[in-house]
Amino acid sequence: MKKRRRIRPYTKLNNRMFARLMIVFAVFSIILLAIVGKMGFLVLFRSHSYEEMVLSSQGYTSTPISFKPGNIYDTNGNVLAGSRKLYRVVLEPKNIIGLLNSKGEPLSYENRNEVAKCLDQFLGVPEPELLAILKTQKNSQYYPYVTNRMLTEEEAQEMKDYLEKERVFVKEVKVKNKKTGKTELKKQYKKIEGVYLEESYERTYPYNRTACHLLGYTTDDFTSVGGIEQQYKNYLMGKEGRRFTYLNEKGEYDSSITEPVHGQNVVTTVDVNIQKIAEKYLERIQDDYGSKNTSVLVMNPNNGEVLAMANSKTFDPNKPMDDENLSNYYDLDDIDKNLSYYIPKKKLKKMTEAEKKTEAYNTIWNNYVISSTYEPGSTFKPFNVAMALENGSIDETAKYKCTGSKTVGGSRIGCSHYHGTIPLSTTIAMSCNVAMMDIAEATGAKAFAKYQRAFGFGSLTGIDLPGEASASNVLHDENMADVDLATSSFGQSFQCTMIQLGSAFCSLINGGNYYQPHIVKQVLDEDGNVEVNVEKTLMKKTVSKETSDKLKTYMRETVTSGTARRANIRVYDIAGKTGTAEKLPRGTGKRLVSFIGFADDENPEIMVYMTIDELQRGGQSNTGLAVGAVRDIIKDSLDYMHKAD
């Protein structure tokens, strides 16, 4: 009998085999993804270098092609930052010199002489300077000439016309005249060689100093510094193109071009008209009274949009490093005199003149609204009342007795007046410190610290600007001493930034919705199509609508019969809270005064917050200046907004 072949039984794929198979599959998948990723990286980011390697064997030259930065617009389409096309004169020394004889000397100087005439006429460059360049760069095909002298489009067109029109004598050749049959000498000419114009762009800020801290600036090489320029540089700044010139197989010059990628445009929430209104009243305070610093923040409380942001020290972003910016605030012959206002004298003595100048510039470029911390003073009192109402520690029927001071932890803490027995609403209207300490005591340190952080104090708001300070290191925790709780209740012994307090305050008056503050609302491509749309972002709920409504009523009373009566006008129902903070070290008499207001009191459309740090003329406790300025900013802004509608 034939021997039967044994058939092996079918083996099922057990769990162990399946696991091994999946491991092998995963390893090969990772390797494949790595290869694809590497290829994509090389195509996107290393294409220039590999193109250069290929062309290098052909004797190439590589020259950049400038990109156009994107524009920055205000909310109405006004250009806050744009670009102007300019032209750089580029020389090709090797082509200017032309063919050389056996001794290495040019066969003709005609082309060089014509180039010299052209540069002298349009750039005012003397011939010896050109000769020096040709001597050191004789083998170069690319030399950007006099980079600090760029030509406008009109000037560039004149130079192009000149180069097109003028001719260079080459030689005389014998030519037979067909009519006479005689041989004649005829001169041959060619175009001027070795000079061309390269497009470039210059950043421009049409409104000069307006909104300078919001915008930031760019250097000549498009390095972005501060503001929107720095925060959104990946959108605004494009990518350089390249022009490769090389000898082809026929021995002729050929070229390969990688086109530049232009920047995208950014649309902001800022309204340049409201920005100008805010700056007008800020400047009026500086001119009449002067201060170490005055700042203003304007927001839409219903979506977190920043409508304006300004500081008293400004600069021109068109020329940010110009001494003219410094001379407005510093004696250039004695910078120490003014800089000692910001830096201790002992530290100043150890600094070099260059370091002092840098520090002086930093005080001008600093965006106080987001980067500087301070004790807010009484503008914090509405938050203290809101905490207690939300916590259930008090109700709206509560009354408080002010005897002019309160002793806490062995320390006597005073109030601005003897207020007697007052209801809860009047504690804010009359800005009573004693009542605030009683309210915070009822809330307790643990709940107080919890609510303070819930309002965003001690945390970054996430605003889309660089350099925001968190102030977390100067905020008390739940283990704070009784005296710290007492002083915190009226905005002393801890610090915050204007953007922190302003954003939190918006939630107090809009029904309890904390929206992330933001500057930019859209990113557009070159054709105006929306690439990124920034919607309002609700971060959290801070208080109930009921508490919000009560606070608005209390702060309206502050304007009608309290400490901010100067803000009471017929046209709009303004509400708000004044603030006076005694600065550290205590006892020096130095104050930071402020007012935060909104309108109208029931359905707020606008919130304006102003701080004045150390008034130089008059009493340093003059909160009326901030109240009057905020009132005028609100009125003029709402007049403009309603007219625009």
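The structure presented is a predicted model; accordingly, all values stated were derived computationally and were not measured.

Quick notes on the overall build of the protein
- Secondary structure assignment for the protein yields 23 helices and 25 strands.
- Over its C-alpha atoms the protein spans a radius of gyration of 35 Å, topping by over 25% the 26 Å that the globule rule assigns to 645 residues.
- Carbon and sulfur atoms make up 49% of the accessible area of the protein, which totals about 33300 Å².
- For the protein, the centre of its 84 positive side-chain charges and the centre of its 80 negative side-chain charges are spaced 8 Å apart.

Points about unusual backbone geometry
- A cis amide bond links Leu584 with the next residue in sequence, Pro585, at an omega value of -10 degrees.
- For Pro585, the location among the structural elements is in the loop between strand 23 (575–582) and strand 24 (591–599).
- Residue Asp600 follows Ala599 across a cis peptide bond; omega there is -10 degrees.
- If you trace the backbone, Asp600 turns up in the loop between strand 24 and strand 25 (606–615).
- Phi is positive for Phe222, close to 65 degrees, though the residue is something other than glycine.
- Topologically, Phe222 is positioned in the loop between strand 8 (217–218) and strand 9 (224–225).
- Residues other than glycine seldom take positive phi values, yet Ala471 does so here, at roughly 65 degrees.
- In this fold, Ala471 is placed in the loop between helix 19 (445–454) and helix 20 (482–488).

Brief notes about a negative patch on the surface
- Judged by side-chain charge, Glu153, Glu154, Glu158 and Asp161 come together as a negatively charged surface patch.
- Owing to a relative accessible area of 43%, Glu153 belongs among the partly exposed residues under this scheme.

Describing the confidence of the model for the protein
- In this model, the protein carries an average pLDDT of 89, and 91% of its residues clear a pLDDT of 70 or more.
- Between residues 54–58, whose pLDDT stays under 50, and residues either more than four places distant or in other chains, the model counts 5 contacts.

Focus: the sheet that holds strand 13 (residues 291–299)
- Read across the open sheet, the 5 strands follow the order 14-13-25-24-23; overall the sheet is antiparallel. Each end of this open sheet is capped by a strand with a single partner; those strands are strand 14 (306–311) and strand 23. On average, adjacent strands in this sheet sit at an angle of 10 degrees to one another, irrespective of strand direction.
- Pairing analysis gives 8 bridges linking strand 24 to strand 25, with the strands arranged antiparallel. Bridge assignment links Ser594 to a residue of strand 25, and that residue is Thr611.
- In the packing of helix 22 (residues 545–560) onto the sheet, the strands contacted are strand 23 and strand 24, and the crossing angle to strand 23 comes to about 75 degrees.

Concerning helix 21 (residues 498–509)
- Taking 1.5 Å of rise per residue, the 12 residues of helix 21 would be expected to cover 16 Å, and the 17 Å separating its terminal C-alpha atoms lies within 8% of that figure.
- Judged by how many residues are buried, helix 21 sits mostly within the fold: 12 of 12 residues are covered.
- Those residues of helix 21 that fall on the buried side of the exposure criterion are Met498, Ile499, Gln500, Leu501, Gly502, Ser503, Ala504, Phe505, Cys506, Ser507, Leu508 and Ile509.
- Positive phi appears at Gly511, one or two residues downstream of helix 21, with a value of about 105 degrees.

Brief notes about helix 16 (residues 381–391)
- The buried fraction of helix 16 amounts to 9 of the 11 residues, a majority that puts the element mostly inside the structure.
- Those residues of helix 16 hidden inside the fold are in contact with helix 17 (424–429), helix 18 (433–443), helix 19, helix 21, helix 22 and strand 23.
- Two residues or fewer after helix 16 comes Gly392, characterised by a positive phi angle close to 80 degrees.

Structural notes on the side chain of Thr379
- By secondary structure assignment, the location of Thr379 is in the loop between helix 15 (368–371) and helix 16.
- With a relative accessible area of 0%, Thr379 lands in the buried category.
- A distance of 3.1 Å separates the side chain of Thr379 from the backbone oxygen of Pro376, its partner in a polar contact.
- Those residues in contact with Thr379 that lie beyond four places of it in its chain are Leu501, Lys577, Thr578, Gly579, Ser594, Ile596 and Tyr609.

Things to note about the pairing of strand 5 (residues 167–176)
- Alignment of strand 5 against strand 6 (residues 183–191), held across 9 bridges, turns out to be antiparallel. If you follow Lys174 over to strand 6, its bridge partner there is Leu185.
- Hairpin remark: strand 5 followed by strand 6, antiparallel, with 6 residues in the connecting loop; positive phi at Gly181, about 80 degrees.

Calculation rules
- Residues numbered from 1 in each chain as written.
- Predicted model: local features only at pLDDT ≥ 70, side-chain atom pairs only at ≥ 80, totals over all residues.
- Heavy atoms only, no water.
- Helix = DSSP H or I, 4+ residues; strand = E, 2+ residues; numbered from the N terminus.
- Rg over C-alpha atoms; globule rule 2.2 N^0.38 Å.
- Areas by Shrake-Rupley, 256 points an atom, 1.4 Å probe, with all protein chains shown as cover.
- Lys, Arg positive; Asp, Glu negative; His and termini not counted.
- Charge placed at Lys NZ, Arg CZ, Asp CG, Glu CD.
- Patch = residues over 30% accessible without salt bridge, like charges linked within 9 Å, V, L, I, M, F, W, Y side chains within 5 Å.
- Salt bridge = Lys/Arg side-chain N within 4 Å of Asp/Glu carboxyl O.
- Buried < 20%, exposed > 50% of the residue type's maximum accessible area, 1.4 Å probe, protein only.
- pLDDT = per-residue confidence, 0-100.
- Contact = heavy atoms within 4.5 Å.
- Pairing = 2+ DSSP bridges.
- Axes fitted to C-alpha atoms, helices over the stretch in contact; angles between N-to-C directions.
- Expected span 1.5 Å × (residues − 1).
- Polar contact = N/O pair within 3.5 Å; in protein donor to acceptor, adjacent residues only side chain to side chain.

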